[in-house]
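Descriptive structure summary
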Amino acid sequence: MKKFNARNFVKEKIVEIKKEVGSGKALCALSGGVDSTVAAVLAHQVLGNRLLSLFIDDGLMRENEAKDVTTIFNARGIRTEVLSAQNNFFKALKDIEDPEEKRKAFRNIFYRTLGSAVKRERADYLIQGTIAADISETKKGIKTQHNVLGQIGLSPKKYGLKIIEPLRTLYKDQVREVARSLGLPKKLSERMPFPGPGLATRVIGEVTPERVKMVRKATKIVEDEIKKLKPFQTFAVLLRDKATGIAKGKRHFGNIIVIRSVESKDAITAKVTKVPWRILEKIEKRIIKEIPSVVKVLYDLTPKPPSTIEYI
Ligand code: XMP
């Protein structure tokens, strides 16, 4: 197989986007991750101010994400907007516990929100950072990735959209190569993947603002402590089950948090990070102290396969 060449890939995509969008306008959905950032930076090279990068604040993002993303994009002179849509997303996810139903509900509100934004902006195209792994996992029926529509027979037109996916043939390691060749800072090109449906994939059972807040706080602690090991991905998960603990000498039936950390190249297979025991102990102490409703902290030992990286 021919070796992947990031520079040539960039050149090809610039020609393709130019040809497809012509003198039209486009909107690019940002998530703060490397895929959507690369898609937006590529499109911006062709479209300049005819591109609007939109970060939908769905209430399911990591701490400070909206601010971090806008700072990076503003510094590169890319027109960027944050759309506050937390209430709509929580409403759409209310009472849903089933993993696939949750993913589909997310996908639906995500594209409805984008459809309205595209209409309001009078954009001709939606550009998004869907990559090969998103498409293959959805097609294989492993899980419904939030950003896959046309490839599985759902019509983007239903949402009033014409979609361009410049990265749809690439895997994560190749996207990182493209990011480096575009001169993106290491902080971004090497950034941990974060799923489109955000913390909704890390709250097992119903997604409520309170439960998301808990997993956001735990994720920050886990990332703070494990990121020096440079794992492919690390995060916290809030389980639906509860367990008995002790608080002020009395029974306390509280929450359970799982720590997950994996090593991978392309997210198709993954090994568990061998996190030193002292780091795990530190995380346990911080989570119990900083999130009082938690009574148990577990470490997940399962590779992919048989497990998947996320929990739903
Ligand atoms: P799994 O859990 O299937 O995840 O092993 C593989 C990689 O994909 C990320 N992921 C997603 N990314 N939309 C995305 O853009 C999604 O719906 C989604 N679900 C999972 C996951 O974080 C991992 O890196």
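No experiment lies behind these values; they were computed from the predicted model shown. (Residues numbered from 1 in each chain as written. Predicted model: local features only at pLDDT ≥ 70, side-chain atom pairs only at ≥ 80, totals over all residues. Heavy atoms only, no water.)

What follows covers the sheet that holds strand S3 (residues 80-84). As summarised here, the arrangement of the 5 strands in space is S3-S2-S1-S4-S5, forming an open sheet in which the pairing is parallel. Two strands bound the open sheet, and with one partner strand each, they are S3 and strand S5 (163-164). Most of the contacts of helix H5 (residues 99-120) go to strand S2 (residues 51-57), to which it runs at about 145°, and overall it touches strand S1 (26-30), S2, S3, strand S4 (125-127) and S5. (Pairing = 2+ DSSP bridges. Helix = DSSP H or I, 4+ residues; strand = E, 2+ residues; numbered from the N terminus. Contact = heavy atoms within 4.5 Å. Axes fitted to C-alpha atoms, helices over the stretch in contact; angles between N-to-C directions.)

If you check helix H2 (residues 34-47), its first and last C-alpha atoms are 20 Å apart, about what 14 residues at 1.5 Å a residue would give, namely 20 Å. Counting buried residues along H2, 13 of its 14 residues qualify, which places the element largely inside the surrounding structure. Phi turns positive, to about 55°, at Gly48, one or two residues after H2. (Expected span 1.5 Å × (residues − 1). Buried < 20%, exposed > 50% of the residue type's maximum accessible area, 1.4 Å probe, protein only.)

Here we come to helix H9 (residues 209-226). When the terminal C-alpha atoms of H9 are compared, their 25 Å separation across 18 residues agrees well with the 26 Å that a helix rising 1.5 Å per residue should span. Turning to H9, its buried residues are Arg211, Val212, Met214, Val215, Ala218, Thr219, Ile221, Val222, Glu223, Glu225 and Ile226. On its buried side, H9 packs onto helix H4 (86-93), strand S6 (233-247), strand S7 (250-263) and helix H10 (277-290).

Attention shifts here to the packing of aromatic side chains. A complete count under the given rule lists 4 aromatic pairs for this structure. Through a chain of ring-to-ring contacts, the aromatic side chains of Phe89, Phe106, Phe110 and Tyr111 assemble into a single cluster. Its end group placed over the ring of Phe194, Arg62 keeps NZ or CZ at 4.2 Å from the ring centre. Stacked on the ring of Phe235, the Lys or Arg Arg202 has its end atom at 3.8 Å from the ring centre. (Phe/Tyr/Trp six-rings, centres within 6.5 Å; stacked < 30°, edge-to-face > 60°. Lys NZ or Arg CZ within 6 Å of the ring centre and 35° of its normal.)

Here Gln233 is to be found in strand S6. Assessed through its relative accessible area of 5%, Gln233 is described here as buried. The residues contacting Gln233, other than those within four sequence positions of it, are Met192, Pro193, Phe194, Pro195, Arg202, Arg260, Ser261, Val262, Ile309 and Glu310.

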